[in-house]
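# Observations on chain architecture
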Amino acid sequence: MTTRHLIKTALTALKAHKSRSFLTILGIVIGITAIILVMSIGQGAQDLILSQIQGLGSRTIVVIPGREPSGPSDVAQIFSDSLKEKDLALISRKENVPNAEKIMPIVFGGESSAYGNETYRATVLGASADVFDVFDIYPAGGVPFSESDVRGRQAYAVIGSKVKDELFGGSEAIGERIKIKEKNFRVVGVLPKKGQVSFFNFDEIVLVPYPLSQDSLFGIKYFHRFIISADAEKNIARVVEDLQATLRNSHGITDPKKDDFFVQTQEDLAARIGIITNILTLLLVSVAAISLIVGGIGIMNIMLVAVTERTREIGLRKALGAANRDILQQFLLEAVILTCVGGILGILTGALLAFGVSLILSQALGLSWTFSFPISGALIGFLVSGIIGLAFGIYPARKASQKNPIDALRYE
Amino acid sequence: MKLIEVKNLEKVYQSGESKTVALDGVSFLVDKGEFIAIMGPSGSGKSTLLQLLGFLDRQTGGSYKFDGKSIEEYSEPELARIRNEKIGFVFQAFNLLARSSVYENVRLPLFYSNVPETAWDSKIKSAIDAVGISHRIVHEPGELSGGEKQRVAIARSFVLDPEMILADEPTGNLDSKNGEMIIKLLDELNRKTGRTIILITHEESLAKYARRLIRMKDGKIESDIRI
């Protein structure tokens, strides 16, 4: 039998039981829908996170205190006080880290800020004047604080757009004094709406000079991060090495395994986040895959019923010259067509739902979420549904092909 | 020219403990172009014999040679090919595909043949024409009378020009007028094209169209006469 006639015959048989065929493939449709949906959302989440990281610039290197966390038990290590003023001085020396263009220490924490009767819990970020260049954000109204303001321990604050709205509403904020932990700061600038950049939401932030915030607000003598930008992308590795050598020297560490700090490049971070979202996606996809197996069993069940129902037809076809192989192909093809149609429907439904989710996330929640259609996922989904048709169709098809024509013809 | 050589053919159906002997040592020869009627009471083994002759089943004893070759020498796909090219079947219950037109039913054997698709249409139409139901070509079996259905089945049986047509009580579900018309069709096929025809029937009046009559009883040949 030619392939064309095989397909035609299979389609005729499937069309004869339209609603049954549809119900049969529902399991496959749902399984593939779930896989496409999960993959699309996983990709969208990854894109979103990566785009936020990239807000920091690819030449940015972050030094984080504590040991690099290698598992959940290491969480405590994140809170460490190993980055000191002495370290800042050492890495700021040109001969130690020659390819560092900017070096910025930061301290941060959640603090209540108040103006009149209004209070708002903002993220207070103590930094040097480089903070505006590093995060590429400048006041829309007012001015940034300068390096001399920082060194002169001026109580200046640049506030995020949401902080401004919460504390001042529609009235002017520049020049007013806000109170953070009993200390008055003069608002010199207001940031434009910016959203998340790297680890900070700049709409909810209060920027203040770091030395002042260290002792007046947080009461600490160490830093939470050093943010360094390399002078060129090709020198990133070199800067990382220099930073490590300088800090190890400063902390008297000879064994890199005993480091009480770690250096993270944007590339590291992107790779790390990629791994996490990929693992999560894989996990969810494998859960969805279980429904494909259930769907496959449903197909096998219906095909077995069909084989019994059509025993007489099988006998007739054999009497007229169909070899076992012809019958096997016919029933196998019916199963594969069923699952492939299920796969296509699943891909379409999944894409549609994922698009709906992306609309909700971007419109209703205001995330900069982009819809992505997982082409590889669609291909794999289609392939897998075909394979399921083969795997679960082969048993009923073999049963059909091995029917004795006489018994088959006699069957009433 | 010998088409069929049957020697001591035996068929025993075994189901669990019980044994049923359907054929108990049957021997006969068939020349090309013969028209044979097989008669006998039910359970005499005539249908079993026809199924063995049509390669739908295998014997449990004795030998069967078709065209000089024994059934054991054929593989499963080869047997399918012989059923397709050399043998046409007509059944009592018509066995047409429902929800398929007359044309599609007659086309069915061509799917499994080596005939190039370009030649299909003329073969199908001339077969349908030969049994006189060209006006019903697009109809489905449900819309046809019993006689018409059996004519479709006959058209299907010879669409590939087989050596031999095996008809198992083709008139069993028909009234006498339609039954006679069907036998006349088979007779015509035998006379005009020299096809071998083996027919099982219960009716003496129809058996008289054949040139040879084999009577069977209890799995054995009771008489084998030329008429």
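Residues numbered from 1 in each chain as written. Chains lettered and ligands numbered in written order. Predicted model: local features only at pLDDT ≥ 70, side-chain atom pairs only at ≥ 80, totals over all residues. Heavy atoms only, no water.

### Digging into the pattern of salt bridges
Side-chain pairs of opposite charge can arise whenever the charged atoms involved come near each other. All names here are of chain B. Counting across every chain of the model gives 29 salt bridges over all chains. Measuring nitrogen to oxygen at the nearest pair gives 3.1 Å for the salt bridge that ties Asp121 to Lys125. Pair noted here: Asp121 and Lys125 are both in helix α4 (residues 120-130), with a separation of four residues, about one helical turn. What makes Asp121 partly exposed here is its relative accessible area of 32%. Overall, the relative accessible area of 42% leaves Lys125 in the partly exposed class. Of the charged contacts, one joins Lys192 and Glu188 as a salt bridge, the two residues approaching to 3.4 Å between their closest N and O atoms. Here Lys192 pairs with Glu188, and both are found in helix α6 (residues 176-193), just four residues apart, close to one helical turn. Exposure remark for Lys192: the relative accessible area of 66% places this residue in the exposed category. (Salt bridge = Lys/Arg side-chain N within 4 Å of Asp/Glu carboxyl O. Helix = DSSP H or I, 4+ residues; strand = E, 2+ residues; numbered from the N terminus. Buried < 20%, exposed > 50% of the residue type's maximum accessible area, 1.4 Å probe, protein only.)

### Side note on the UniProt feature "domain: ABC transporter" (unreviewed entry) in chain B
In this numbering, the UniProt entry assigns the feature "domain: ABC transporter" (unreviewed entry) to residues 4-227 of chain B. Taken end to end, residues 4-227 of chain B is 33% helix and 29% strand, and its two terminal C-alpha atoms sit 20 Å from one another. (UniProt positions renumbered as here; feature names shortened; annotations may be inferred.)

### Looking at the packing of aromatic side chains
All names here are of chain A. Evaluation of the coordinates by the stated rule reveals 14 aromatic pairs over all chains. Centroid distance Phe355 to Phe371: 5.2 Å. Interplanar angle 85°. Geometry classified as edge-to-face. Placement of the pair is Phe355 in helix α11 (residues 324-364) and Phe371 in the loop between α11 and α12 (375-401), with a sequence separation of 16 residues. Since its relative accessible area comes to 40%, Phe355 is described here as partly exposed. Here Phe371 falls in the partly exposed class, since its relative accessible area comes to 32%. (Phe/Tyr/Trp six-rings, centres within 6.5 Å; stacked < 30°, edge-to-face > 60°.)

### As for the confidence of the model for chain B
For chain B, mean pLDDT is 92; residues scoring 70 or higher make up 100% of the total. This prediction of the complex comes with two scores: 0.73 for pTM and 0.93 for ipTM. (pLDDT = per-residue confidence, 0-100.)

### Quick look at the packing of helix α3 (residues 102-111) of chain B against helix α5 (residues 146-158) of chain B
Residue and element names in this part refer to chain B. Between α3 and α5, the shortest axis-to-axis distance is 7 Å and the interhelical angle comes to 30°. Relative to α5, α3 is oriented roughly parallel. With respect to the hand of their crossing, α3 and α5 are arranged in right-handed fashion. Between α3, through Val102, Asn105, Val106 and Pro109, and α5, the contact on the second element is made entirely by Val152, Ala155 and Arg156. The class makeup of the residues in the contact of α3 with α5 is five nonpolar, one polar and one charged. (Axes fitted to C-alpha atoms, helices over the stretch in contact; angles between N-to-C directions. Parallel < 35°, antiparallel > 145°, perpendicular 65-115°, else oblique. Left-handed = near helix turned anticlockwise from the far one by under 90°. Contact = heavy atoms within 4.5 Å. Nonpolar A, V, L, I, M, F, W, Y, C, P; charged D, E, K, R; others polar.)

### Overview of the pairing of strand β9 (residues 212-217) of chain B
Residue and element names in this part refer to chain B. Both strand β3 (residues 35-39) and β9 contribute to a ladder of four bridges, which runs parallel. Directly across from Met39, in β9, lies its bridge partner Arg215. Strand direction decides the pairing type here: β9 and strand β10 (residues 220-226), joined by six bridges, are antiparallel. Directly across from Ile214, in β10, lies its bridge partner Asp224. What sits between the antiparallel neighbours β9 and β10 is a turn of two residues, in which Asp218 has the positive phi angle 50°. (Pairing = 2+ DSSP bridges.)

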